[in-house]
Amino acid sequence: MLKQVSVFGENSKGTLQKITSILAEAEINIWGSVTNDSAEFGIIRMVVSDPEKAQEKLTEAGYMCRLSNVLGVEVADEVGNLNRLLLALSESNISINYMYLSFNRDSGKPVMVFNTDGIWEVQECLKSKGYNLI
């Protein structure tokens, strides 16, 4: 199970750079991220090397942050592998709230990071289907 940091940031020039600067100064590596914006604020979701420290440093800098559990599923870099993962989830009646891409630095394989309801049950379901969870 991975921990994800969600950061609520003003949708203005330089905000993302300020956030990445705080993480860089704290020697926290960003392994994967996705941003979603709205008119005034956006959500930056990240899997990082030290999520608790990231939350602490970003909160100290005035950002509203939240930690949450996400699943990281390693898939081979081959045509159709994301489709097979999504089909396995669909066949098990599992819906995904959101998904983004990272990669396993040890194996070099892509990792699909996603959030879903009933995350512990989904983790066990995917393990039983032979998926490698990070």
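All figures in this text were calculated on a predicted structure; none of them were measured in a lab.

What counts, and where the lines are drawn
- Residues numbered from 1 in each chain as written.
- Predicted model: local features only at pLDDT ≥ 70, side-chain atom pairs only at ≥ 80, totals over all residues.
- Heavy atoms only, no water.
- Helix = DSSP H or I, 4+ residues; strand = E, 2+ residues; numbered from the N terminus.
- Rg over C-alpha atoms; globule rule 2.2 N^0.38 Å.
- Buried < 20%, exposed > 50% of the residue type's maximum accessible area, 1.4 Å probe, protein only.
- Contact = heavy atoms within 4.5 Å.
- Areas by Shrake-Rupley, 256 points an atom, 1.4 Å probe, with all protein chains shown as cover.
- Lys, Arg positive; Asp, Glu negative; His and termini not counted.
- Charge placed at Lys NZ, Arg CZ, Asp CG, Glu CD.
- Patch = residues over 30% accessible without salt bridge, like charges linked within 9 Å, V, L, I, M, F, W, Y side chains within 5 Å.
- Salt bridge = Lys/Arg side-chain N within 4 Å of Asp/Glu carboxyl O.
- Pairing = 2+ DSSP bridges.

**Overview of the overall build of the protein**
Here is step 1: Counting its regular elements, the protein contains four helices and seven strands.
Here is step 2: Secondary structure elements of the protein, listed N to C terminal, follow the sequence β-α-β-β-α-β-α-β-β-α-β.
Here is step 3: Whereas a compact globule of 134 residues would reach a radius of gyration of roughly 14 Å, the protein reaches 16 Å, a difference of no more than 12%.
Here is step 4: Based on the C-alpha atoms only, the size of the protein along its principal axes is roughly 40 × 30 × 25 Å.
Here is step 5: Evaluated residue by residue, the protein yields a buried proportion of 40% over its 134 residues.
Here is step 6: Considering only intrachain contacts with a sequence separation of at least 6, the fraction spanning at least 24 residues in the protein is 66%.
Here is step 7: Summed over its atoms, the accessible surface of the protein is roughly 7700 Å², and 48% of this surface lies on carbon and sulfur atoms.
Here is step 8: Taking the average place of the 12 positive charges on the side chains of the protein and the average place of its 17 negative ones, the gap between the two points comes to 1 Å.

**Here we look at a negative patch on the surface**
Here is step 1: On the surface, a cluster of negative charge is made up of Asp 50, Glu 52, Glu 56 and Glu 60.
Here is step 2: With respect to the secondary-structure elements, Glu 60 resides in helix 2 (residues 51-60).
Here is step 3: On the accessibility criterion, Glu 60 (57% relative accessible area) is exposed.

**Quick look at the pairing of strand 5 (residues 96-103)**
Side chains on a regular strand alternate between the two faces of the sheet.
Here is step 1: Taken together, the seven bridges between strand 5 and strand 6 (residues 110-116) define a ladder with antiparallel strand orientation. Bridge pairing in strand 6 places Tyr 98 opposite Asn 115.

**Looking at the pattern of salt bridges**
Here is step 1: The final tally for this structure, using the stated rule, is one salt bridge.
Here is step 2: The closest approach of N and O atoms between Lys 127 and Glu 124, which form a salt bridge, is 3.9 Å. With a gap of three residues between them, Lys 127 and Glu 124 both fall in helix 4 (residues 119-128), about one helical turn apart.
Here is step 3: With a relative accessible area of 44%, Lys 127 lands in the partly exposed category.
Here is step 4: When its relative accessible area of 44% is taken as the criterion, Glu 124 is described as partly exposed.

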